[in-house]
Structures are given as structure tokens and as C-alpha cells.
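Tertiary structure, described
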Amino acid sequence: RPFQVAIDGPAASGKSTTAKMVAQRLGFDYIDTGAFYRCVTLAALSKGINPSDPSNTGKIASIAGEAQISLETVFPERTTSSASASPPTTRVYLDSIDVSSEIRTAQVSKHVSATAAIGAVREAVLHKVRSIGANDDFAEGAATARDGLVMDGRDIGTVVLPNADLKIFLVANSQVRAERRLQELIKNGADPASGVLQVEDVRKDLEQRDELDRTRKVSPLKKAPDAVELDTSGLTIEGQVDIIVSTVKG
Ligand code: C5P
């Protein structure tokens, strides 16, 4: 079967950028599982349904069942060195509409962990992720243009791809993560002068989301026993990509 790399870790630990660049360097596919929970959250909010209200669990579960979600990752020209490669980009479609930016808003981030704590939502997402080609069945016979797969999330090594060939658990201290996320928000058009965007607030949001992700009953965020922990607090993206790529290449 294609080689599977599972990347898990807390919010803003650099998972998706790292995973995409690892996929680019190795010629692998990339699947961002967080995007699925974000799409379900966006779909609920746009119908006026609050995912953080426990009385809405059933409604959110039906939304998860019905949502059509697809990902499209565009890999720039492949290079053998990390230095000159521009990062791949992933477009996310919800019911055929490009929601790549909408799923990254503070509003969606605030409610996404509540959505992801609902067992029926997790089942629906697992089904979708697997049907786009991420499980062992797919690996048996089916068509993949690439030699492997990199998937990132919170439960990839523990639940989604328990037999992955390489499991990485990315960590970084919360101050570093908050600073990185703040830079990302600014890059995506948030106004740092608005006063709303303080690194302290970003840090609190991340810590709150991690707490919900770690303590939920179903598939909580945790390191798989056979995962390699990589602390990226002092590493650059290129540095962490190099470590993972060379581990895959052995
Ligand atoms: O990775 P990202 O920050 O986009 O994930 C958003 C949220 O989706 C996480 O905080 C978590 O609640 C949920 N998630 C999850 N399991 C995954 C991926 C994401 O519960 N495999």
C-alpha cells in the first residue's frame, strides 16, 4: 500500500504547513482532516445553529452527514531542496463552494472543537476521509497517482491511520504557537492595529481549543504510543520538514 505519514499535534503546532511540504518533497498526497470539522462548523453557523450549544448535537450530526466536502491541493513545481520550494496550497470545498478562507475565521475556530467532540460528527468525518482514499482498503488496490499519503489532524495516528508507517506528534510551546498563528492571521488580512488581535488572546484561544481537544470523550488529541514527538519551538518549518523527510527516506 502507499506509504502513510500521520501528523498530529495541538493547534498551530505547524502541522498543516509541515504536512503539505513533506507531501510536496516526497510526491505524496495530502489530506487536512481539520478542514472537515471546520466545514461542518461553518455549515452549522451559517444556518444559525451554534455548535457549542449541547442541545444542537443532533442537528450538527445531520449537517455532518449531509455536507459534501472536498479538498484540492495544488503542489508547485517539485524540487529536491526545501529552500526554494514555495508551499503547496489547499482549497476546501463545501457543497461545491470554495470556503478555504471562511473556515479559518475566528468564529469557526471558536466553535470547531465543540463540533469535533460530537461522536456522530467524528464518524461522519472518518467516513468521508476514508472514502477519499485514506484507509487501508483504499491502499489495497485503488488508484492513487502518488506513492504515499500525508494526513494531519488530532487522531490520525491513534484512530484514522493506526497502521501508518510513520507517526509524528508535533509540539511547540504555546507562546511560540500563538506568535506563529498571529503572523498567519496578519498574512491572511487581519489588521494588527485593530487592537483585537493580541498575541495573548490568540494564545488563550489556542489553549482553550487544545484543552477541549485533549479532554473530549471520543478520539481525544493524544500522542500514539508509536509516534515520534518533534518539538518545533526552536525549529524552522524547513528544519522540521527536513527531519520528517529524512526519517521517511531512512
Ligand atoms: O487542524 P485544525 O486546527 O484546522 O483543526 C480544527 C479542529 O478540528 C481542532 O481543534 C479539533 O477540534 C478538530 N480536529 C479533530 N480531529 C482531527 C482534526 C481536527 O478533532 N483529526
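This section reports on the structure supplied with the text.

Definitions and limits used
- Residues numbered from 1 in each chain as written.
- Predicted model: local features only at pLDDT ≥ 70, side-chain atom pairs only at ≥ 80, totals over all residues.
- Heavy atoms only, no water.
- Phe/Tyr/Trp six-rings, centres within 6.5 Å; stacked < 30°, edge-to-face > 60°.
- Helix = DSSP H or I, 4+ residues; strand = E, 2+ residues; numbered from the N terminus.
- Buried < 20%, exposed > 50% of the residue type's maximum accessible area, 1.4 Å probe, protein only.
- Salt bridge = Lys/Arg side-chain N within 4 Å of Asp/Glu carboxyl O.
- Expected span 1.5 Å × (residues − 1).
- Contact = heavy atoms within 4.5 Å.
- Near = heavy atom within 4 Å.
- Polar contact = N/O pair within 3.5 Å; in protein donor to acceptor, adjacent residues only side chain to side chain.
- Areas by Shrake-Rupley, 256 points an atom, 1.4 Å probe, with all protein chains shown as cover.
- Nonpolar A, V, L, I, M, F, W, Y, C, P; charged D, E, K, R; others polar.

Tallied over the full model, the rule gives one aromatic pair. Where F3 meets F28, the ring centres are 6.1 Å apart and the plane angle is 40 degrees; that geometry is what we call tilted. A residue pair is termed long-range when its members are at least 10 positions apart, and F3 in strand β1 (residues 3-8) and F28 in the loop between α1 (15-26) and β2 (29-32) qualify at 25 residues. Classification of F28 as buried rests on a relative accessible area of 5%.

Moving on, we get to the pattern of salt bridges. Two side chains bearing opposite charge may form a pair once their charged atoms approach each other closely. Taken as a whole, this structure holds 11 salt bridges when the rule is applied. Between R122 and D155 there is a salt bridge, with the nearest N and O atoms lying 2.9 Å from each other. A residue pair is termed long-range when its members are at least 10 positions apart, and R122 in helix α5 (residues 119-134) and D155 in the loop between β6 (148-153) and α7 (156-160) qualify at 33 residues. Comparing R122 with D155, the two get one shared label, buried. Of the charged contacts in the structure, one is a salt bridge between R181 and E184, with a shortest N-O distance of 3.2 Å.

Turning our eyes to something else, we now look at α1. In this model α1 runs 16 Å from its N-terminal to its C-terminal C-alpha over 12 residues, within 8% of the 16 Å that 1.5 Å per residue would give. α1 sits mainly inside the fold: 10 of its 12 residues count as buried. Within α1 the residues assigned to the buried category are K15, T18, A19, K20, M21, V22, A23, Q24, R25 and L26. The secondary structure elements touched by the buried residues of α1 are β1, β2, β4 (89-94), β6, β7 (166-171) and α10 (237-249). Residue G27 follows α1 closely and has a positive phi angle near 75 degrees.

Before going further, it helps to spend a moment on helix α8 (residues 174-187). Here α8 is 14 residues long and its end C-alpha atoms lie 20 Å apart, about the 20 Å a rise of 1.5 Å per residue gives. Within the span of α8, buried status applies to S174, V176, R177, A178, R181 and L182. As for α8, its buried residues are in contact with α9 (199-215). Just downstream of α8, G189 is the residue with a positive phi angle, here 105 degrees.

So, about the environment of E123. Tracing the backbone shows E123 in helix α5. Residue classification places E123 among the exposed residues on the basis of a relative accessible area of 59%. Spatially, the C-alpha atom of E123 lies 9.1 Å from that of A64, the residues being 59 residues apart in sequence.

This part takes up the site of the ligand. By nearness alone, 16 residues border the ligand, and R38, R122, D155, R209 and D213 come closest of all. Within the side chain of T33, a nitrogen or oxygen atom sits 3.0 Å from a nitrogen atom of the ligand. Between the ligand and R154 there is a distance of 3.0 Å, counted from an oxygen atom to a side-chain nitrogen or oxygen. Here the ligand loses 96% of its free accessible area of 460 Å² to cover by the protein chains. Secondary structure elements with two or more residues in the shell around the ligand: α2 (34-46), α4 (106-116) and α9. For the shell around the ligand, the class distribution of residues is four nonpolar, four polar and eight charged.

Looking now at unusual backbone geometry. One non-glycine residue, A12, lies in the positive phi region at around 60 degrees. As for its placement among the helices and strands, A12 is situated in the loop between β1 and α1. We note that S219 has phi near 40 degrees; this positive angle belongs to a residue other than glycine. As for its position among the elements, S219 is in the loop between α9 and β8 (228-231). With relative accessibility at 21%, the residue S219 sits in the partly exposed group.

Functional significance is not addressed by these values, which are geometric in nature.
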